[in-house]
Amino acid sequence: MFDLTGKVAIVTGCNTGLGQGMALALANAGADIVGVNRSNPAETADLVQKTGRKFHNVNADMSKMDSVDRILKEAITAFGKVDILVNNAGIIRRNDALDFTEQDWDEVMNLNIKALFFMSQGFAKHIIAQGTSGNIINIASMLSYQGGIRVPSYTASKSAVMGITKSLANEWAKHGINVNAIAPGYMATNNTEALRADENRSEEILGRIPAARWGTPKDMAGPIVFLASEASRYVHGYTIAVDGGWLAR
Ligand code: NAD
């Protein structure tokens, strides 16, 4: 049920962090990987190829709308079809709400929710045209559930990710497309570097995680394979928290 042999998975932003971890997990389960990155993801390409699967990179800035068509066309040229889309690329901007700029609002919203929606739309059109089934997995956050501090555009975008996951599931389940999300907790990647560097915030966060450690890209492996595979065939519109118990507190 968890076997992804013969499947093609697009993973946006997979040169590092959670995207890299998920690309590797999908490859280990049998999928060929199309990465979407702004720079050459040499390490990820190497790790995926060591599993015996193929890796193709599409060089694209996901915050630009014209990327969507090109990414899907390149993926299909490389591997003949697409089956799985992981909308992982995301950014965060930190500042007090009183001082927050329009640029920090727009950049985050354009990538984290606008690009995610139009990428999903393009992917769904291809799946329907192929006449196959498909799996979309969006990357949400603890700030899909909570307010957070000093990250207003990030909270707005990630709350929207959880909403759009339900909305698209409602429209596309009938086409055989499963749309779900994973909400990672506090994971040790570039995204949380500033938090981990701040001794007080780091202690505060760690003290509240029942698993008593920051998450890692490897912690995403089981949940991403589950949501990309037949094992989750009747799961639609749901966001799974992978958070060491953070939300249970
Ligand atoms: P990261 O900063 O290491 O990874 C972000 C990825 O997005 C990188 O590959 C980056 O190159 C890519 N990216 C950024 N802007 C892009 C653009 N314009 N076009 C294409 N790619 C772009 O951080 P991460 O923690 O691995 O983040 C991955 C996802 O997980 C993000 O959506 C993030 O919001 C989410 N997330 C992370 C945490 C955490 O604690 N680290 C928690 C919840 C959610």
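Residues numbered from 1 in each chain as written. Predicted model: local features only at pLDDT ≥ 70, side-chain atom pairs only at ≥ 80, totals over all residues. Heavy atoms only, no water.

Undergrad: I keep staring at the nonpolar core and nothing clicks. Help me out?
TA: Soluble globular proteins tend to bury their nonpolar side chains together. Counting residues in hydrophobic clusters, the biggest one holds 41 residues, and the most contacted among them are I10, I71, M119 and Y186. Of all the secondary-structure elements, those providing two or more residues to this core are β1 (8-12), β2 (32-37), α3 (67-79), α4 (102-130), α5 (152-172) and β6 (177-184). Considering every element that reaches this core, the biggest residue donor is α4, with 9 residues. What I10 contacts, discounting residues up to four positions off in sequence, is V34, V36, I71, L72, A75, V82, I84, L85, V86 and M119. Core analysis: the next-biggest nonpolar cluster, separate from the first, contains 28 residues, F55, V86, I139 and M187 among them. (Core = buried A, V, L, I, M, F, W, Y, C linked by side-chain atoms within 4.5 Å. Buried < 20%, exposed > 50% of the residue type's maximum accessible area, 1.4 Å probe, protein only. Helix = DSSP H or I, 4+ residues; strand = E, 2+ residues; numbered from the N terminus. Contact = heavy atoms within 4.5 Å.)

Undergrad: Would you explain the sheet that holds strand β3 (residues 55-59) in this entry?
TA: To summarise the sheet geometry, strands pair through backbone hydrogen bonds and adopt either a parallel or an antiparallel arrangement. Sheet architecture is open: 7 strands sit in the order β3-β2-β1-β4-β5-β6-β7, paired in parallel fashion. Sheet topology places β3 and β7 (239-242) at the edges, where each strand pairs with a single neighbour. Taken pair by pair, the neighbouring strands of this sheet meet at an average axis angle of 20 degrees, ignoring direction. Of the pairings in the sheet, the one linking strand β5 (residues 134-139) to β6 comprises 6 bridges and is parallel in character. Bridge pairing in β6 places I136 opposite V179. (Pairing = 2+ DSSP bridges. Axes fitted to C-alpha atoms, helices over the stretch in contact; angles between N-to-C directions.)

Undergrad: Before we go on, may I ask you to explain the side chain of S120 in this structure?
TA: In this structure, S120 sits in helix α4. The class for S120 is buried, based on a relative accessible area of 0%. Those residues in contact with S120 that sit more than four places away from it in its chain are L85, N87, I136, N138, L168 and W172.

Undergrad: Is there a simple way to think about the pairing of β6 in this case?
TA: Taken residue by residue, a regular strand's side chains alternate between the two faces of the sheet. Among the 8 residues in β6, 8 count as buried, and that is most of the element. Where burial is concerned, the two faces of β6 agree: the one with I177, V179, A181 and A183 and the one with N178, N180, I182 and P184 are both buried. Read as a crossover between parallel neighbours, the route from β5 over α5 to β6 is right-handed. Here β6 pairs with β7 via 4 bridges, running parallel. Bridge pairing in β7 places P184 opposite V242. (Right-handed = clockwise from strand over helix to strand, strands pointing away.)

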